[in-house]
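One-letter residues, chain by chain:
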Amino acid sequence: MKDPWVKAADEGMSAGFGTIENTGDHDITVTSVTSPASTDLELHETVANESGAMVMREKTGGFTIPAHSELHLEPGGNHIMLMDLTEPLQPGNDVNLTLTFSDDTTFDVTAPVKEFAGANEEYEGTEHGDMDHSTMDMDHSASESAHDH
């Protein structure tokens, strides 16, 4: 995974971003993510709802990354949602994430925590719809690592 990072948050929710590379000859699907930083993680997508507004919601079935392609997780777009944080995420600290793929293989990622102030995002079809979602927008500078799956 290239340029992974997680938004700083004192409590509640945060989000993770970066680029997942599929350097293999077959499509891969990220089906879930776990982390000691959160008891409830979801893969979220950005889609237009019935009224045409862009909303974030859980991505059913996970994210499929075609062979020799990349999936960009970014503010205002697809992302990893960390709900029910287990402790404050402070800038300069790291968050460990474990991605699980449809073939039951896993990939461990260490993502630095960064401060970022962003806009509120709209959510659909979750019990989190009335919470502050300012955790979604972040900048894109981080350490470099590769996902060779």
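Residues numbered from 1 in each chain as written. Predicted model: local features only at pLDDT ≥ 70, side-chain atom pairs only at ≥ 80, totals over all residues. Heavy atoms only, no water.

Colleague: What should I look at first to understand the nonpolar core in this one?
Modeller: Ile20, Ile80, Leu82, Val95, Leu97 and Leu99 are the most contacted members of the largest nonpolar core, which totals 26 residues. Of all the secondary structure elements, the ones that give two or more residues to this core are β3 (28-34), β4 (38-48), β6 (63-65), β7 (69-73), β8 (79-85), β9 (94-101) and β10 (106-114). It is β9 that provides the largest number of residues to this core, a total of four residues. (Core = buried A, V, L, I, M, F, W, Y, C linked by side-chain atoms within 4.5 Å. Buried < 20%, exposed > 50% of the residue type's maximum accessible area, 1.4 Å probe, protein only. Helix = DSSP H or I, 4+ residues; strand = E, 2+ residues; numbered from the N terminus.)

Colleague: Any chance you could explain the pairing of β3 here in plain terms?
Modeller: Remember that side chains alternate between the two faces of the sheet whenever the strand is regular. With three bridges connecting them, β3 and β6 associate as antiparallel partners. Bridge pairing links Thr29 to Thr64 in β6. Judged from the four bridges that link them, β3 and β9 form a sheet pairing that is antiparallel. When the bridges of β9 are listed, Ser32 appears paired with Thr100. (Pairing = 2+ DSSP bridges.)

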